[in-house]
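# Close look at the chain arrangement
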Amino acid sequence: MGSQKKRIWLTISGIAWGTLSIILLLSFGEGLKLQLHKANKGLGENIVILYGGQTSKVYQGLPRGRRISFTDEDVRMLKEKIPQITGISGEYDMYGETLTYGSTTLTERVTGVLPPFEYMRTHYPQAGGRFINEIDIRERRRVIFLGNRLKERLMGPEVDAIGETITVNGLPFVVVGVMNEKMQMSMYGGPDDQKATIPATTLKALQGRTHVNRIIYQVNQTHLAPMVEQEVYKLLGRKYRFDPTDKKALGIWDTIEQTAVAGNMLIGIQIFLGLIGALTLIIASVGVANIMYVSVKERTREIGVKRALGAKRLHIKQQFILEALMIAITGGILGGAVAMLIIQGLQGIPVSDGPLELLGKPTFSMPIFIVTATILGIVGLAAGYFPAQRAARVDPIESLRYE
Amino acid sequence: MISMEQITRIYDTGKIQVEALRGIDLEIGENEYVAIMGPSGSGKSTLMHIIGCLDTPTAGQYTLDGKSVQAFTDNQLADIRNQKVGFVFQSFNLMPYASAYENVELPLIFAGVSTKERKRRVTDMLDRVGLADRMDHKPNELSGGQQQRVAIARALSNNPRIILADEPTGNLDSESGAEILSLFSDLWKAGNTIVVITHDRNISDYCQRIVKLKDGMIANGALT
């Protein structure tokens, strides 16, 4: 029995290893998915970014190659005419603006936006501050919202920026908020944490601009996004007189579609990882079947005696399947415990920017638990089934023969 | 109770055919104490296995308690072995890693008896064979005689009427053998039917009746 015990523990370790593999693989996949999700949100939530483009089709007598650009009238029109849009803002860019605080001067980009920008482009303020609001817009206040890295470079990390005054091209602006730290993978014009934002109306008043650099709109019911896009082309096409099917007339960056594509890719990755993990577990289960066969062989007499005492074939079968299941469950619990320790440990390690940012946060979830437990159960049952059949077929006379 | 007519058992091992039993006619009634004796290879164990429904005859009629055993399914035969018959073996055949209690419990588990009821019966049986104080001992912690007594308690746990013992004292010293003998006498007096394969004159002297087997046939007729 001593060697049998050793063999059983070897088999259990095989199952533990397989369980560990599948849980870790699936958890890293889940972590990747969650981190990517967070990173995508860094640019914005369900947004589509519109740029003016160039017409590529002749339309109503007008030639190709015409540049299209928007005004804030268009922002209002789109909002009115398309109810599925849950938020919209134009964005005005100013380049090479001088920002001064105390003795520090930086040359940076400043953009002018509307309040929906806050939740659309996830420019959430740190506690104690706020983003640009309706009153700022109405009164064309000279208020400014700073990206967190920009604030550090301009004013230093210890200063409480809220209420402080900085100058933009010599004009005083009051800081109303500093952006919360966020993970951002996609961007335009540099990362958001390096940007300064003022009310769109203030910027218009300063520069007398009519044309908006881009329009950003949000469609929270993401399945409606394609329809909204069509409407946008139709409405702007009617106004600027371009063919609504002329894709090049507008530049479109659809993060909604981008997220969907990435989502599908991720599901593919998760399935792939899951399969590898499952394969490892299945290979370990071959070890279980092997040891069960040996067990049947070594316990032929025991089986014969039990049959003589009135055990039915089913009893014998059940006993061996149960033993196989026990081995699988023990291995599963061991492997699972180690996996959880590793996952907890890694979750605790802070990850900065870099490759670990996406891959370094394995996340365990209920579906992962269910998948693993199910595979373990199936594997245990299958590994025990055939040896159990063999056991049930033992001829009691043969096994008791050599008295 | 046990009625055998022209029972034949042929083992087909591919190349050779072994005729273990050739046309046995045997009747055993209630509360009989029968010894089966004979040289090695005479078919004693085979006969015992067939009586106990552990094996089925190749030909002939076996009627047990008025029912023809041939008609029974595999599971029904298992039930007979569980409820009507109790086996006792020469080498005890206890489960080595289980306690005396767990060994005696086995037939009850197969019968689907509840845990509470099992406790009652196992304790009762071990008490009857004088081992109530050794319930948690494993076989390697018991003497030969004690192990055989556990085996007998196990055979009795479902209160079968027929006890079948194959050389029950074969691996025991004379003192332990005598204990087993006296146990069997008690069981006989309590109304059980006992069939023993034995070389031991002590046992055969105690039996009511001796059936002698030779070359797969009864050598001394079906009656004493």
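Whatever comes next refers back to the structure up there.
Residues numbered from 1 in each chain as written. Chains lettered and ligands numbered in written order. Predicted model: local features only at pLDDT ≥ 70, side-chain atom pairs only at ≥ 80, totals over all residues. Heavy atoms only, no water.

Time to look at the side chain of D193 of chain A. Checked against the element boundaries, D193 of chain A lands in the loop between β7 (171–178) and β8 (196–199). Other than its neighbours up to four places away in sequence, D193 of chain A contacts G147, N148, R149, L150 and M179 of chain A. (Helix = DSSP H or I, 4+ residues; strand = E, 2+ residues; numbered from the N terminus. Contact = heavy atoms within 4.5 Å.)

At the junction of the two partners, chain A supplies 18 residues and chain B supplies 21 residues. Both faces combined, the contact of chain A with chain B buries some 1,900 Å², and carbon together with sulfur accounts for 61% of it. Run the count over chain A and chain B and you get three salt bridges. Counting every contact that joins chain A to chain B gives five residue pairs in polar contact (both at pLDDT 80 or more). Take the side of chain A that touches chain B: its biggest share by element is six residues, from helix α9 (residues 300–308) of chain A. (Buried area = accessible area lost by both parts, 1.4 Å probe. Salt bridge = Lys/Arg side-chain N within 4 Å of Asp/Glu carboxyl O. Polar contact = N/O pair within 3.5 Å; in protein donor to acceptor, adjacent residues only side chain to side chain.)

As a further point, take the sheet that holds strand β1 (residues 2–12) of chain B. Note on sheets: strands pair through backbone hydrogen bonds, and any given pair is parallel or antiparallel. Residue and element names in this part refer to chain B. Overall, antiparallel pairing links the four strands, which are arranged β2-β1-β4-β5 in an open sheet. Across the chains shown, the open sheet's two edge strands, defined by having one partner strand only, are β2 (17–28) and β5 (67–68). In this fold helix α1 (residues 44–51) packs onto β1, β2 and β4 (59–64), with an angle of close to 120° to the strand it touches most, β1. (Pairing = 2+ DSSP bridges. Axes fitted to C-alpha atoms, helices over the stretch in contact; angles between N-to-C directions.)

So, about helix α7 (residues 225–240) of chain A. All names here are of chain A. The first and last C-alpha atoms of α7 sit 22 Å apart over 16 residues, in line with the 22 Å expected at 1.5 Å per residue. For α7, every residue scored as buried is listed here: A225, V228, E229, V232, Y233, L235, L236, G237 and Y240. Those residues of α7 hidden inside the fold are in contact with β1 (47–52), β2 (70–71), α2 (72–81), β10 (214–218), β11 (250–254) and α8 (255–298). Among the residues trailing α7, R241 stands out with phi positive, at a value near 55°. (Expected span 1.5 Å × (residues − 1). Buried < 20%, exposed > 50% of the residue type's maximum accessible area, 1.4 Å probe, protein only.)

Position of M77 of chain A relative to the elements: it lies in helix α2. Each C-alpha atom of the pair M77 of chain A and E108 of chain A lies 31 Å from the other, and the pair is 31 residues apart in sequence.

In this section: the sheet that holds strand β10 (residues 217–218) of chain B. Residues and elements named next belong to chain B. With mixed pairing, six strands are arranged side by side in an open sheet as β6-β7-β8-β3-β9-β10. Among the strands making up the open sheet, the edge pair consists of β6 (85–88) and β10. Direction of pairing for strand β9 (residues 209–214) relative to β10: antiparallel, over a ladder of two bridges. When the sheet's bridge partners are listed, L213 is paired in β10 with I218. Of the strands in this sheet, β3 (33–37), β7 (162–166) and β8 (193–197) touch helix α6 (residues 174–189), which is tilted by about 150° from β8.

Residue and element names in this part refer to chain B. Running from N to C, helix α3 (residues 100–110) and helix α5 (residues 144–156) cross one another at 30°; their axes reach a closest spacing of 7 Å. Put simply, α3 runs roughly parallel to α5. Two packed elements cross with a definite hand, and for α3 against α5 that hand is right-handed. Between α3 and α5, the residues in contact are A100, N103, V104 and P107 and V150, A153 and R154, respectively. A per-class count over the contact of α3 with α5 returns five nonpolar, one polar and one charged. (Parallel < 35°, antiparallel > 145°, perpendicular 65-115°, else oblique. Left-handed = near helix turned anticlockwise from the far one by under 90°. Nonpolar A, V, L, I, M, F, W, Y, C, P; charged D, E, K, R; others polar.)

Our focus in this paragraph is the packing of helix α1 (residues 2–41) of chain A against helix α12 (residues 366–392) of chain A. Residue and element names in this part refer to chain A. Axis separation between α1 and α12 bottoms out at 10 Å; the angle between their running directions is 155°. The orientation of α1 with respect to α12, classified from their angle, is roughly antiparallel. When the axes of α1 and α12 are compared, the crossing they make is right-handed. Facing I15, T19, I22, I23, L26, S27 and E30 of α1, the residues of α12 in contact are I368, V371, T372, I375, L376 and V379. Among the residues making up the contact of α1 with α12, the classes are represented as nine nonpolar, three polar and one charged.

What follows is about the pairing of β8 of chain B. All names here are of chain B. Along β8, five of the five residues are buried, which leaves the element largely enclosed by surrounding structure. Side-chain alternation along β8 places T193, V195 and I197 on one buried face and I194 and V196 on a second face that is also buried. With four bridges joining them, β3 and β8 adopt parallel strand pairing. By the bridge assignment, A35 is partnered in β8 with V196. In this structure, β7 lies alongside β8, joined through five bridges in parallel fashion. When the bridges of β8 are listed, A165 appears paired with V196. With α6 bridging β7 and the parallel β8, this β-α-β connection has right-handed handedness. (Right-handed = clockwise from strand over helix to strand, strands pointing away.)

Residue and element names in this part refer to chain A. Going through the model one piece at a time under the given rule, you end up with seven aromatic pairs over all chains. Ring geometry for F131 and F145: centres 4.8 Å apart, planes at 70°, overall edge-to-face. Taken together, the residues F131 in the loop between α3 (117–120) and α4 (134–139) and F145 in strand β5 (residues 143–146) connect sequence positions 14 residues apart. For F145, a relative accessible area of 1% gives the class buried. Where Y188 meets W253, the ring centres are 6.3 Å apart and the plane angle is 70°; that geometry is what we call edge-to-face. Of this pair, Y188 sits in the loop between β7 and β8 while W253 sits in strand β11, and the two are 65 residues apart along the sequence. By the ring-pair criterion, three or more aromatic residues cluster together here, those being F117, F131 and F145. The ring of Y188 has K195 lying over it, and the distance from NZ or CZ to the ring centre is 4.5 Å. Over the ring of Y233 we find K247, and its NZ or CZ is 4.4 Å from the ring centre. (Phe/Tyr/Trp six-rings, centres within 6.5 Å; stacked < 30°, edge-to-face > 60°. Lys NZ or Arg CZ within 6 Å of the ring centre and 35° of its normal.)

Our focus in this paragraph is helix α6 (residues 200–207) of chain A. Regarding α6 of chain A, the residues found buried are A200, T202 and L203 of chain A. Within α6 of chain A, the buried residues cover an arc of 160° as seen down the axis, which keeps them to one side. (Arc of directions from axis to C-beta.)

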